[in-house]
Amino acid sequence: MAEQNCLVTNDWICGEYLRTRSQELTDATLQHVGITLTSVAIGLAVSLPLALLARRWRFLAGPILGVTTVLYSVPSLAMFSLLLPFFGLSASLVVTGLVLYSLTVLVRNILAGLRAVPEEARDAAKGMGYGPLRLLWEVELPLALPALLAGVRITTVSTVALTTVGAIVDYGGLGTLILDGLDTTFKAQVLTASVLCLLLAVAADLLLLALQRWLTPWTRAHRIRTSRAARKAAVAKVAEPA
């Protein structure tokens, strides 16, 4: 009886809310995931050419990084307001804003990863007859994957959080439920949507971490060798005669 009355008493934790609003929660979660995935995918597609331009022509690196940093510093409400005349009250408005926010992290990480590729690896590939495109896709990008995927992880988690701001135009996924709950002081809705948003961020980070480890097994091997070498050095130091 107490559980059935939790909607009436407006409790923070309410099983009846989960039972009666499960479809609403599912729809909001799917919208949240869809907006996040779309934004990150487009952001990655835009960031890669920008990072390649900054790597190819160094005089462009400063302006590109500067512009992406300025975009990231614009408050979300102001960003959406500036984009409103172009996209109206639509999901495209939210996605475009999130893409612009993603550029600063993605461009910097991709550029850092490309610059960290050993020059001898490039020279060896060129000596084997690799052209520029083949060199990029088969040598440089695979070696830059750790930095690239680290940027994708950071961007995805931050995008999950920023998507909630889309509630101001009714395209915020779980953020729409949070805003509606705050407007109506519906405690169970606010808490449930907030927890789901947190779980989405944690799940996305863990999945991307697993993907990063699967795609870059050589980084684990390097850490293992480094750890073993450090232990051997420590043991040798302890064994040295005084």
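Please refer to the structure placed before this passage.
What you are looking at is a predicted structure, and each value in this text was computed from that prediction instead of being measured.

Cut-offs applied
Residues numbered from 1 in each chain as written. Predicted model: local features only at pLDDT ≥ 70, side-chain atom pairs only at ≥ 80, totals over all residues. Heavy atoms only, no water. Axes fitted to C-alpha atoms, helices over the stretch in contact; angles between N-to-C directions. Helix = DSSP H or I, 4+ residues; strand = E, 2+ residues; numbered from the N terminus. Parallel < 35°, antiparallel > 145°, perpendicular 65-115°, else oblique. Left-handed = near helix turned anticlockwise from the far one by under 90°. Contact = heavy atoms within 4.5 Å. Nonpolar A, V, L, I, M, F, W, Y, C, P; charged D, E, K, R; others polar. Core = buried A, V, L, I, M, F, W, Y, C linked by side-chain atoms within 4.5 Å. Buried < 20%, exposed > 50% of the residue type's maximum accessible area, 1.4 Å probe, protein only. Expected span 1.5 Å × (residues − 1). Patch = residues over 30% accessible without salt bridge, like charges linked within 9 Å, V, L, I, M, F, W, Y side chains within 5 Å. Areas by Shrake-Rupley, 256 points an atom, 1.4 Å probe, with all protein chains shown as cover. Salt bridge = Lys/Arg side-chain N within 4 Å of Asp/Glu carboxyl O. 1 Å grid on protein atoms, 1.4 Å probe; cavity = no way out; pocket = protein on both sides within 12 Å on 5 of 7 lines; lining within 4 Å. Points joined across faces, edges and corners; volume = space filled by probe spheres on them.

With that out of the way, let us pick up the packing of helix H7 (residues 119–127) against helix H8 (residues 132–163). In helix packing, the relevant descriptors are the interaxial angle and the interaxial distance, both defined with respect to the helix axes. The geometry of H7 relative to H8 is characterised by a closest axis approach of 11 Å and an angle of 160° between their N-to-C directions. Relative to H8, H7 is oriented roughly antiparallel. As for how H7 packs across H8, the hand of that crossing is right-handed. Here Ala121, Arg122, Ala125 and Lys126 of H7 lie close against H8, whose contacting residues are Leu135, Val139, Glu140 and Leu143. A class-by-class count of the residues in the contact of H7 with H8 yields five nonpolar, no polar and three charged.

Let us look at the nonpolar core. The biggest cluster of nonpolar side chains holds 33 residues, and the ones touching the most others in it are Met79, Val94, Ile110, Leu114 and Val152. The set of elements that each furnish at least two residues to this core consists of helix H3 (22–56), helix H4 (61–73), helix H5 (76–87), helix H6 (91–115) and H8. Considering each element in turn, this core owes the most residues, 13 residues, to H6. Ignoring sequence-local partners within four residues, the contact set of isoleucine 110 consists of Leu44, Ser47, Leu48, Ala51 and Leu148. Core analysis: the next-biggest nonpolar cluster, separate from the first, contains 15 residues, Ile178, Phe186, Cys197 and Ala201 among them.

To continue, consider helix H10 (residues 187–215). Under the 1.5 Å per step criterion, the end-to-end length of H10 is 42 Å for 29 residues, consistent within 8% with the ideal 42 Å. Contact partners of the buried residues in H10: helix H2 (15–20), H3, H8 and helix H9 (174–184).

Among the surface-exposed residues, Trp12, Ile13, Leu191, Val195 and Leu199 lie close enough to one another that they form a single nonpolar patch of about 500 Å² accessible area. By the secondary structure assignment, valine 195 is in helix H10.

Let us look at the layout of surface pockets. Size it by volume and the largest pocket reaches roughly 370 Å³. For the largest pocket, the lining is made up of 17 residues, of which Leu52, Arg55, Arg56, Leu135 and Glu140 are closest to its centre. The set of elements that each furnish at least two residues to the lining of the largest pocket consists of H3, H6, H7 and H8. Considering every element that reaches the lining of the largest pocket, the biggest residue donor is H8, with five residues. Each pocket or cavity is described by its volume, and for the second largest pocket that value is around 220 Å³. Val33, Thr36, Leu37, Val40, Ala41, Thr156, Val160, Leu200, Ala203, Ala204, Leu207 and Leu208 are the residues that line the second largest pocket. Residues of the lining of the second largest pocket, tallied by class, amount to 10 nonpolar, two polar and no charged.

Moving on, we get to the environment of alanine 150. Within the secondary structure, alanine 150 sits in helix H8. Here the alpha-carbon distance between alanine 150 and glycine 113, two residues 37 residues apart in the chain, equals 10.0 Å. For alanine 150, the residues in contact, after removing those within four places along its chain, are Asn109 and Gln212.

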